[in-house]
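Residue-level structural notes
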Amino acid sequence: MGAPLKITVLGSGTSVGVPTLGCHCAVCTSTDPRDNRLRPSVLVSYGDRRVVIDTTPDFRAQALRARLDRVDAVLFTHSHFDHIMGLDDVRPFNLRQKGRIPIYAAPDCMAVVQRVFEYIFSAEPRDTFVARLDPHLIDGGAIDLFGLPFLPVPILHGARTIHGFRFGAAAYLTDHSDIPDSSMDLLRGLDVLFLDALRYKPHPTHSTVERSIATVERLAPRRAFFTHLCHDLGHARAESLLPPHVRLAYDGLEIAVDGCVA
Ligand SMILES: [Zn+2]
Ligand SMILES: [Zn+2]
Ligand SMILES: [Zn+2]
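Everything in this summary refers to the structure shown in the same document. (Residues numbered from 1 in each chain as written. Chains lettered and ligands numbered in written order. Predicted model: local features only at pLDDT ≥ 70, side-chain atom pairs only at ≥ 80, totals over all residues. Heavy atoms only, no water.)

Details of the coordination of the zinc ion (ligand 2)
- Coordination sphere of the zinc ion (ligand 2), protein contribution only: Cys23 (SG), Cys25 (SG), Cys28 (SG) and His231 (ND1), at 2.1 to 2.3 Å.
- With four donor atoms in place around the zinc ion (ligand 2) and angles of 104 to 114° between them, the coordination shape is tetrahedral.
- Taken in chain order, the donor set of the zinc ion (ligand 2) reads C-x1-C-x2-C-x202-H. Taken together, the residues span a long stretch of sequence, with Cys25 in the loop between strand 1 (3–11) and strand 2 (41–46) and His231 in the loop between strand 12 (223–227) and helix 8 (235–240) at a distance of 206 residues.
- Residue class for His231 comes out partly exposed when judged on its relative accessible area of 25%. (Donors = N, O, S within 2.8 Å, 3.2 Å for Na, K, Ca; no water. Tetrahedral: all angles 85-135°; square planar, octahedral: opposite > 155°, others 65-115°. Helix = DSSP H or I, 4+ residues; strand = E, 2+ residues; numbered from the N terminus. Buried < 20%, exposed > 50% of the residue type's maximum accessible area, 1.4 Å probe, protein only.)

A short note on the pattern of salt bridges
- This structure, assessed with the given rule, holds 16 salt bridges.
- Asp32 is the partner of Arg34 in a salt bridge, and the nearest nitrogen-oxygen pair spans 2.8 Å.
- In this structure, the salt-bridge partner of Asp88 is Arg91, at a minimum N-O distance of 2.9 Å.
- In the salt-bridge network here, residues are joined through shared partners; they are Asp191, Arg222, Arg223 and Asp258. (Salt bridge = Lys/Arg side-chain N within 4 Å of Asp/Glu carboxyl O.)

A word on unusual backbone geometry
- Across the junction of Val18 and Pro19, the peptide omega takes the value 0°, indicating a cis bond.
- Mapped onto the elements of the fold, Pro19 is located in the loop between strand 1 and strand 2.
- Here the phi dihedral of Arg67 falls at roughly 50°; this positive angle occurs in a residue that is not glycine.
- Along the chain, Arg67 falls in the loop between helix 1 (59–65) and strand 4 (73–75).

Some words on the coordination of the zinc ion (ligand 1)
- Around the zinc ion (ligand 1), the donor atoms from the protein are Asp82 (OD), His83 (NE2), Asp175 (OD) and His228 (NE2), and they sit 2.1 to 2.2 Å away.
- Mapping the donors of the zinc ion (ligand 1) onto the primary sequence yields the spacing D-H-x91-D-x52-H.

Remarks on the sheet that holds strand 13 (residues 246–248)
- Pairing is mixed in the open sheet, where seven strands are placed in the order 7-8-9-10-11-12-13. Each of the sheet's edge strands pairs with one partner strand only, and the pair in question is strand 7 (143–145) and strand 13. Across this sheet, the average inter-strand angle for adjacent strands is 25°, counted without regard to direction.
- Here strand 9 (residues 160–167) pairs with strand 10 (residues 170–173) via three bridges, running antiparallel. The partner of Phe167 across the bridge, within strand 10, is Ala170. (Pairing = 2+ DSSP bridges. Axes fitted to C-alpha atoms, helices over the stretch in contact; angles between N-to-C directions.)

Describing the side chain of Thr208
- Among the structural elements, Thr208 can be located in the loop between strand 11 (192–196) and helix 7 (209–219).
- A polar contact of 3.1 Å, which involves the side chain of Thr208, links it to the backbone nitrogen of Arg211.
- Residue contacts for Thr208: discarding those within four places in its chain leaves Ala197, Arg199, Tyr200, Lys201, Pro202 and His203. (Polar contact = N/O pair within 3.5 Å; in protein donor to acceptor, adjacent residues only side chain to side chain. Contact = heavy atoms within 4.5 Å.)

So, the nonpolar core
- One finds Tyr46, Leu75, Leu145, Phe150, Phe167 and Phe194 to be the most contacted residues of the largest nonpolar core, which totals 30 residues.
- Here the element with the most residues in this core is strand 1; it accounts for four residues. (Core = buried A, V, L, I, M, F, W, Y, C linked by side-chain atoms within 4.5 Å.)

Description of a nonpolar patch on the surface
- A contiguous nonpolar patch, built from Phe81, Met85 and Val116 and spanning about 240 Å² of accessible area, is present on the exposed surface.
- Here Phe81 shows up in helix 2 (residues 81–84). (Patch = residues over 30% accessible without salt bridge, like charges linked within 9 Å, V, L, I, M, F, W, Y side chains within 5 Å. Areas by Shrake-Rupley, 256 points an atom, 1.4 Å probe, with all protein chains shown as cover.)

Thoughts on the packing of aromatic side chains
- For the coordinates displayed, the defined rule picks out five aromatic pairs.
- Three or more aromatic residues joined by ring pairs form one cluster here, namely Tyr46, Phe150 and Phe167.
- Its end group placed over the ring of Phe146, Arg49 keeps NZ or CZ at 4.1 Å from the ring centre. (Phe/Tyr/Trp six-rings, centres within 6.5 Å; stacked < 30°, edge-to-face > 60°. Lys NZ or Arg CZ within 6 Å of the ring centre and 35° of its normal.)

Details of the sheet that holds strand 14 (residues 254–261)
- One open sheet accounts for seven strands, arranged 6-5-4-3-2-1-14; its pairing is mixed. On the outer flanks of this sheet lie strand 6 (133–137) and strand 14, each paired with one strand and no other. When strand polarity is set aside, the average angle formed by the axes of neighbouring strands in this sheet is 20°.
- Alignment of strand 1 against strand 2, held across six bridges, turns out to be antiparallel. Looking across to strand 2, one finds that Leu5 is bridged to Tyr46.
- This element, helix 4 (residues 107–116), spans strand 5 (101–105) and strand 6 of the sheet and lies at about 130° to strand 5.

Quick look at the pairing of strand 10
- Taking every second residue as pointing to the same face, both faces of strand 10 are buried, with Ala170 and Tyr172 on one and Ala171 and Leu173 on the other.
- Here strand 9 folds back onto strand 10 in antiparallel fashion, the turn holding two residues, of which Gly168 has a positive phi close to 55°.
- Relative to strand 11, strand 10 runs parallel, the two being bridged by four bridges. When the sheet's bridge partners are listed, Tyr172 is paired in strand 11 with Phe194.

Treat this as a map of the structure, not an account of what it does.
Okay, here's the thing in structure tokens:
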């Protein structure tokens, strides 16, 4: 008898968030709460475990909103600002849980995390309390987190290779412009697939609505959710133009994934 797997969307917005500072467009001034998008991240819950994919600059607000009361592990997709900068805010969970928190990233991403948060990882003695984190490098193999394997899925974000993750019958693929065929093979038979769909217009490092619909058609998950959305997409109208099994993610959305884990 396993635990049900749940995904909570902590943020569905692009790197600058929506509303975007200084912008007064229809989406940035919308009263639909689904048009308020913090930076992109999801929380994966199963049993009493809480795994966060990316710690955005909005992590503290996201954790409060989701009433998050523990973090068992953090997985990083890549080192861009909108995916790492909230890491320091896991500190209170170190105290509550009386333990260290493992973090997982590819070597290039971990190098940036350790440089940006140098004070956390430096061996120098200190007087103040810093986050206690155990870095683990992603080497391509599945990461077993408390009985649930998280499989890193290489994806292309412009010229760089970053990672999405497959876990159970779900996969989360944020920032990408292309998915190599070898990675497509890792994404069959999904109940839930999250995909980057920044906007309608092409972008050098991000997928578009049209492109991600084509990915959904190829992979045929039961349901797909688009995320990393910019202010070109108003929730109600953009979603009305999508096939019924493809929806726009929004902040606070909770999805129960088919099948039990761990
Ligand atoms: Zn991003
Ligand atoms: Zn706007
Ligand atoms: Zn990025």
